Structure formats: C-alpha cells, structure tokens
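Listed here are the chains, written in short residue letters.
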Amino acid sequence: MRRFGLLQYPEKESLSKKIFNQYFKLSSINAKYDDIVIEPRKFDTKVTEYLESYDGLNVTVPFKEDIIKFISPVEDAREINAVNCIYQNKGYNTDWKGFYNSLLDTDLKLPILLVGAGGASKAIIYGLYKLGIKHLILVNRTIEKANKLKDFFKTKMEIIVEPFENLKDALKRSKTFINATSIGMFGESFNFSNEDLSNLHLIYDIVYNFTSLQEQALENNIKLIDGKTFWYYQAVENLKIWGIYDEVKFYETFVNSKFN
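This is a predicted model, so every value here is computed, not measured.

*Asks:* A description of the pairing of strand β1 (residues 2-8) should follow, citing residues and the corresponding values.
*Replies:* Across the seven residues of β1, five count as buried, placing the element largely inside the fold. In this sheet, strand β2 (residues 31-37) lies alongside β1 in parallel orientation, the contact comprising seven bridges. From the neighbouring strand, Gly5 faces β2, where its bridge partner is Asp34. Read as a crossover between parallel neighbours, the route from β1 over helix α1 (residues 15-26) to β2 is right-handed. As judged from the four bridges shared by β1 and strand β3 (residues 56-59), these two strands associate in the parallel manner. Following the sheet pairing, Gly5 is matched in β3 by Leu57.

Below is the structure:
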C-alpha cells in the first residue's frame, strides 16, 4: 500500500484526508492518506522518519519553510521559500499553481486587495505575479509581516501596505478582494456592510467553510471563488506530481464529497 500524508500542527482532520481517501477508494488505488501531527519543537528530529516512510507528503503551517532544509525544492518553491508538496525528496509549491489555475477563466479586475500575510499569501502573490499583476494592496493585522512580504516580492510586484484599520477604505477602492486569513473559519466575520462591498467584481475567500463573507458575495451577485475551489486546484497538482491523477474520478470525488 502506498502512503501519503499531511504534516501539520495542531491536530485537525484535513480536507485532504477526507477527499484523497475517498478518491483512492473510487479509483481502486491501493493507498492511504494520513494526517500527521508533529509538535514544532520535535519537527527537526521527527520529520526524516516521515520523509523516509511515506511515498508523498503535503506540508501545511507551520512547517512550509522549516521543511526546505530537509529536501530539494524546485525552482518556484525556492522563489516562494515555501513547500507544501513532497515527492522523491523534491519539494514543490502547489498552492500558487492551484491559485493561478483557479483564475484562468476569470476576468481579474484591478485594483486587487489582499488581506493576510501568512504562508498562503506568499503563494497567492506569486500566483498573481505569474498572472501578470504588477500592483497589489496588502492589508494585515501585523503591519511588520506585511512589510516583510512587500520586501520579499519587491523585484516582482509593487505592493502598497495598508494598516488593518484602513481595510474598509481600501476595499472601496478595489475591484477584487482576496481573503488569505482564517477569518470566518470559526464563525468570525469582517463585519462588512453590503455598501462596503459595492465596488467589487470578485471575492476570493480561501476559507473552506461557508463564511459570512461568501454569503455576502452571493447575496450581492459578486463572483465568488471559495476555499474548497482553491483546495481542489492545488490538490490536482499534488496528484499529478505523485503520478495518480485521474481527472474524471477526482472531479467526481470532489463534487460528491461532504466537506463539513
């Protein structure tokens, strides 16, 4: 049996475990996908064990940068300085490709406002760069983290950093709004009014759950791309890297899955 898994902390049942195991069953693939929990203080001593015993791995926060010293990242993963997929000791970043591919059929209106400066934001900014975007407004609760991202991508894109208290003002100047935070995952809300969203053509919310932001997008006839779609497109890239992708069967698994 082939073994795949997700290196994570803290412990939670991932969407990857739910859907990949359903896909393996539907496709008669002799494989199993596990959620693997490693305490951050034990990561350096434990990770080699999983690299040696699993056929393929995914990596999520807080380990996307820590894993790099144990594997050989491919060029784009080196540029982003984050790895979320591993195969045969090579590290890949499928987040940016998933984000990029999810927007290929979308008319992306400018200006673009991105909220969040965590690991997902790096992949999103890189994906926007690959889509030809030259300018971005970035808002984050910790402005130092936003400025760090601005400096990281300074050769690829002009990023204007705004403090979190200016979010609604920045929103009214934007056509595309991307939420790369966890706001909404546990019932939290941005507390936007419909008027705050009135200028938008697209809301992209990477949270898997059906959030109040997603609900507002639908109520106001704003094009919505949600976190499940983001997950799907990057998951396709994982399966291709692992050599076990069946387009029809994976799509069938995804659309028939219960997410929550």
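*Asks:* Report on the sheet that holds strand β10 (residues 176-179), specifying residues and quantitative values.
*Replies:* Note on sheets: strands pair through backbone hydrogen bonds, and any given pair is parallel or antiparallel. If you trace the six strands from one edge of the open sheet to the other, you get β9-β8-β7-β10-β11-β12, paired in parallel fashion. Because the sheet does not close on itself, it has two edges, and the strands there are β9 (158-163) and β12 (223-225). Taking each pair of neighbouring strands and ignoring which way they run, the sheet shows an average axis angle of 20°. Contacts from helix α6 (residues 143-152) reach β8 (135-140) and β9, with the element oriented near 175° to β9.

*Asks:* Lay out the sheet that holds β1 in plain terms, naming residues and giving numbers.
*Replies:* Taken in spatial order, the six strands line up as β2-β1-β3-β5-β6-β4 in an open sheet, and their pairing is mixed. With one partner strand each, in any of the chains shown, β2 and β4 (72-73) form the two edges of the open sheet. Pairing geometry for strand β5 (residues 85-87) and strand β6 (residues 90-92), over three bridges, is antiparallel. Bridge pairing in β6 places Cys85 opposite Tyr92. Its contacts with the sheet place helix α9 (residues 227-242) against β1, β2, β3, β5 and β6, and it is angled at close to 10° to β5.

*Asks:* Now, about the packing of helix α4 (residues 94-102) against α9: what can you tell me, with residues and values included?
*Replies:* Taken N-terminus to C-terminus, the directions of α4 and α9 make an angle of 125°; their axes are 7 Å apart at the nearest point. As far as their axial angle goes, α9 and α4 are oblique. Both α4 and α9 take part in a crossing whose hand is right-handed. Listed contacts from α9 to Thr94, Asp95, Lys97, Gly98, Phe99, Asn101 and Ser102 of α4 are Phe230, Tyr233, Gln234, Glu237, Asn238 and Ile241.

*Asks:* I'd like to hear about the pattern of salt bridges, residue by residue, with values.
*Replies:* A side chain with one charge can pair with a side chain of the opposite charge if their charged atoms come near. For the structure on display, the rule yields 14 salt bridges. A salt bridge links Asp44 to Lys69, with the shortest nitrogen-to-oxygen separation between them at 3.2 Å. Of the two residues, Asp44 sits in helix α2 (residues 43-53) while Lys69 sits in the loop between β3 and β4, which places them 25 residues apart along the sequence. The class of Asp44 is partly exposed, set by a relative accessible area of 41%. Owing to a relative accessible area of 60%, Lys69 belongs among the exposed residues under this scheme. Two residues, Lys109 and Asp107, come together in a salt bridge whose shortest N-O distance is 3.1 Å. Among the residues examined, Lys109 registers a relative accessible area of 31% and is labelled partly exposed. Among the ionic contacts, a cluster of salt bridges with common partners joins Glu39, Arg41 and Lys42.

*Asks:* Before we move on, could you go through the packing of aromatic side chains and cite the residues and values that matter?
*Replies:* The geometry of two aromatic rings is summed up by the distance between their centres and the angle between their planes. Taken as a whole and judged by the stated rule, the model has 30 aromatic pairs. Each ring, one from Phe4 and one from Trp242, has its centre 4.7 Å from the other, and the planes form 35°; the classification is tilted. Taken together, the positions of Phe4 in strand β1 and Trp242 in helix α9 put the pair 238 residues apart, joining distant regions of the chain. Comparing Phe4 with Trp242 shows no difference in burial state: the two are buried. With centroids separated by 5.4 Å and ring planes inclined at 10°, the aromatic side chains of Tyr232 and Phe250 adopt a geometry described as stacked. Of this pair, Tyr232 sits in helix α9 while Phe250 sits in helix α10 (residues 247-255), placing them 18 residues apart in sequence. Considered together, Tyr232 and Phe250 belong to a single accessibility category, that of buried residues. If you follow Lys156 out to its NZ or CZ, it ends over the ring of Tyr129, 5.5 Å from the centre.

*Asks:* Could you give me a rundown of the pairing of strand β11 (residues 202-205), with the residues and numbers involved?
*Replies:* Residue alternation in β11 divides its side chains into two sets, Leu202 and Tyr204 and Ile203 and Asp205, and both sets are buried. Bridge analysis of β10 against β11 gives four bridges, and the strand direction is parallel. Note on β11: the bridge partner recorded for Ile178 is Tyr204. Note that β11 and β12 share three bridges and pair parallel. Opposite Tyr204, over in β12, you have Ile225 as the bridge partner. Between the parallel elements β11 and β12, the chain passes through helix α8 (residues 212-219) in a crossover that is right-handed.

What counts as what
- Residues numbered from 1 in each chain as written.
- Predicted model: local features only at pLDDT ≥ 70, side-chain atom pairs only at ≥ 80, totals over all residues.
- Heavy atoms only, no water.
- Buried < 20%, exposed > 50% of the residue type's maximum accessible area, 1.4 Å probe, protein only.
- Helix = DSSP H or I, 4+ residues; strand = E, 2+ residues; numbered from the N terminus.
- Pairing = 2+ DSSP bridges.
- Right-handed = clockwise from strand over helix to strand, strands pointing away.
- Axes fitted to C-alpha atoms, helices over the stretch in contact; angles between N-to-C directions.
- Contact = heavy atoms within 4.5 Å.
- Parallel < 35°, antiparallel > 145°, perpendicular 65-115°, else oblique.
- Left-handed = near helix turned anticlockwise from the far one by under 90°.
- Salt bridge = Lys/Arg side-chain N within 4 Å of Asp/Glu carboxyl O.
- Phe/Tyr/Trp six-rings, centres within 6.5 Å; stacked < 30°, edge-to-face > 60°.
- Lys NZ or Arg CZ within 6 Å of the ring centre and 35° of its normal.

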